[in-house]
Amino acid sequence: MQLQRVAVTGIGAICGLGNSLDEVWANAIAGKPGISTIERQDTTNWPVTFAGEVKNFKLSEDLMPLKEQDRFDLFNQYGLHAGHEAIKQAGLLEAGYESTKIGVILGTGLGGFPHIEMHHKTFLEKGARRVSPFFIPSVIPNMTPGLMAIHWGFRGINFSIASACASSAHAIGTAATEIMLGRQDAVVTGGTEAVITGYTIAGFASMKALSKRNEEPARASRPFDKDRDGFIMGEGAGILVLENYEKAKARGAKILAEVIGWGATNDAYHITAPHPEGEGTVPCMNQALTQAGISKEQVGYINAHGTSTPVGDVAETNAIKRVFGDHAKKLFVSSTKSMTGHLLGAAGGLESVFCIKALETGILPPTINLENQDPACDLDYVANTARKLDIQYAMNNSFGFGGTNSSTLFKKG
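Residues numbered from 1 in each chain as written. Predicted model: local features only at pLDDT ≥ 70, side-chain atom pairs only at ≥ 80, totals over all residues. Heavy atoms only, no water.

## Focus on the environment of Asn397
Argument step 1. Structurally, the position occupied by Asn397 is in strand S13 (residues 393-400).
Argument step 2. Separated by 116 residues in sequence, Asn397 and Thr281 place their C-alpha atoms 8.7 Å apart.
Argument step 3. The contacts of Asn397, once residues within four sequence positions are left out, are Met285, Ile302, Asn303, Ala304, His305, Glu316, Glu351, Ser406 and Ser407. (Helix = DSSP H or I, 4+ residues; strand = E, 2+ residues; numbered from the N terminus. Contact = heavy atoms within 4.5 Å.)

Here it is in structure tokens:
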């Protein structure tokens, strides 16, 4: 069986850097921080009071009537918003595909935590009868793909993947596989997350996973820096439209990039910590290279998982050096989490968008706040300023609790 090529024809994004793809990308390559003091909630008793919070967002009534918006958790709304942007750019609704050949596969790590908190409070204070009938539909992880299918009439494969911080990266790999096998002509994929709440921040803080630089939030996320002290919560969505390459080309769609390789493994080591020498991440990156059929020397850029945790950044650096050998010193690696915070289940979706824009524009987004580079992190992390470089291949790494890993390789369109 001959595998089909997979084109990326549309992308959309929303995060703390902005509410549209253009705004997000412009701020990313300018090295602007999208991390600030949380404004949406009272953080008086919170151990951490800042995050990569989306500001001034309002979902279009064309995507969901105003009277219905309060019924659906914010992660659903972010997904619809970024999905609309990607679908419009791709011209997917005018593609002429059978509705059963257009699918939606999205990732989310935690689902609708804000609404879980809200309805739990109602349950405790007012009793079971006052809990909304929309509670369950608003929080289940697969509701965003369902809402997309209902809104746009996509009747193909449809589900969510929840694999912690690798969720949307796994979704992209799974979606690409569906097209490679010829089962779908197009799949809307990526991820969405909105869990900046007191409950989740308290949970991560109790694990000592979060930075506590409450007095300087914009400088808190500092991957690969010796003074890093934990990750920063982020929220938003990164959505891709994938299509059968030949069919997209035949209809005149602009090919932004190709998905050419995907790896998925597990460390089998620890529930939260990565293997320090990359026993799971090394074969993951190698799988992506093998499927892509390219040499390691052809890869020009890696958008790293790079969460700004003391252990994780060193472990990923070690794994990259094991995979790429001498070429690792010639690679450009950056962590855009330094600007966006960690979008958890949506991280791989947004960071795949950054890979695609880097391929399209020849501009590599920087790792900001890299002021005192950790000697154990000894690669070129595109420190503080974007780099102009015409690259042909880019990789995204996404790793999650439970030891789960995903690496995706993109080729310039």
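There's plenty left to go through after this.
## A look at the pattern of salt bridges
Argument step 1. The full count for this structure, using the stated rule, is 25 salt bridges.
Argument step 2. A salt bridge links Glu258 to Arg5, with the shortest nitrogen-to-oxygen separation between them at 2.7 Å. In this pair, Glu258 is assigned in strand S8 (residues 257-266) and Arg5 in the segment before strand S1 (6-14), connecting sequence segments 253 residues apart.
Argument step 3. The partner of Arg228 in a salt bridge is Asp374, with the nearest N and O atoms 3.1 Å apart. Taken together, the residues span a long stretch of sequence, with Arg228 in the loop between helix H8 (198-206) and strand S7 (236-244) and Asp374 in the loop between strand S11 (363-364) and strand S12 (387-388) at a distance of 146 residues.
Argument step 4. Residue class for Arg228 comes out buried when judged on its relative accessible area of 8%. (Salt bridge = Lys/Arg side-chain N within 4 Å of Asp/Glu carboxyl O. Buried < 20%, exposed > 50% of the residue type's maximum accessible area, 1.4 Å probe, protein only.)

## Remarks on helix H13 (residues 347-361)
Argument step 1. Taking 1.5 Å per residue as the helical rise, H13 with its 15 residues ought to reach 21 Å, and the 21 Å between its terminal C-alpha atoms agrees with that figure.
Argument step 2. Looking one or two residues beyond H13, the residue adopting positive phi is Gly362, at roughly 70 degrees. (Expected span 1.5 Å × (residues − 1).)

## Some thoughts on the packing of helix H3 (residues 74-90) against helix H6 (residues 143-152)
Argument step 1. At a closest axis distance of 9 Å, the pairing of H3 and H6 adopts a crossing angle of 45 degrees. In this view, H3 runs oblique relative to H6, as classed from their interaxial angle. Here H3 and H6 pass one another in a crossing that is right-handed. Where H3 abuts H6, its residues Phe75, Asn76, Gly79, Leu80, Gly83, His84 and Ile87 lie against Met143, Thr144, Leu147, Met148 and Trp152.
Argument step 2. When grouped by side-chain class, the residues that make up the contact of H3 with H6 number seven nonpolar, five polar and no charged. (Axes fitted to C-alpha atoms, helices over the stretch in contact; angles between N-to-C directions. Parallel < 35°, antiparallel > 145°, perpendicular 65-115°, else oblique. Left-handed = near helix turned anticlockwise from the far one by under 90°. Nonpolar A, V, L, I, M, F, W, Y, C, P; charged D, E, K, R; others polar.)

## Some thoughts on the packing of aromatic side chains
Argument step 1. Tallied over the full model, the rule gives seven aromatic pairs.
Argument step 2. An angle of 20 degrees between the planes, with centres 6.1 Å apart, marks the rings of Trp152 and Phe154 as stacked. Side by side, Trp152 and Phe154 carry an identical accessibility label, which is buried.
Argument step 3. When the ring of Phe224 is compared with that of Tyr381, the centres are 3.9 Å apart and the planes differ by 10 degrees; the resulting orientation is stacked. In this pair, Phe224 sits in the loop between H8 and S7 while Tyr381 sits in the loop between S11 and S12, placing the two residues 157 residues apart along the sequence.
Argument step 4. With relative accessibility at 1%, the residue Phe224 sits in the buried group.
Argument step 5. Classification of Tyr381 by relative accessible area gives buried; the value is 1%.
Argument step 6. Through a chain of ring-to-ring contacts, the aromatic side chains of Phe204, Phe231 and Phe401 assemble into a single cluster.
Argument step 7. The ring of Tyr245 has Arg5 lying over it, and the distance from NZ or CZ to the ring centre is 3.8 Å. (Phe/Tyr/Trp six-rings, centres within 6.5 Å; stacked < 30°, edge-to-face > 60°. Lys NZ or Arg CZ within 6 Å of the ring centre and 35° of its normal.)

## Concerning the sheet that holds strand S10 (residues 332-334)
Argument step 1. Taken in spatial order, the ten strands make up an open sheet running S5-S4-S6-S7-S1-S8-S14-S13-S9-S10, and their pairing is mixed. In the strand order of this sheet, the two ends are held by strand S5 (158-161) and S10, each with one partner. On average, each strand axis in the sheet is tilted by 25 degrees relative to the strand beside it, whichever way the strands run.
Argument step 2. As judged from the eight bridges shared by S13 and strand S14 (residues 404-412), these two strands associate in the antiparallel manner. If you follow Phe399 over to S14, its bridge partner there is Asn405. (Pairing = 2+ DSSP bridges.)

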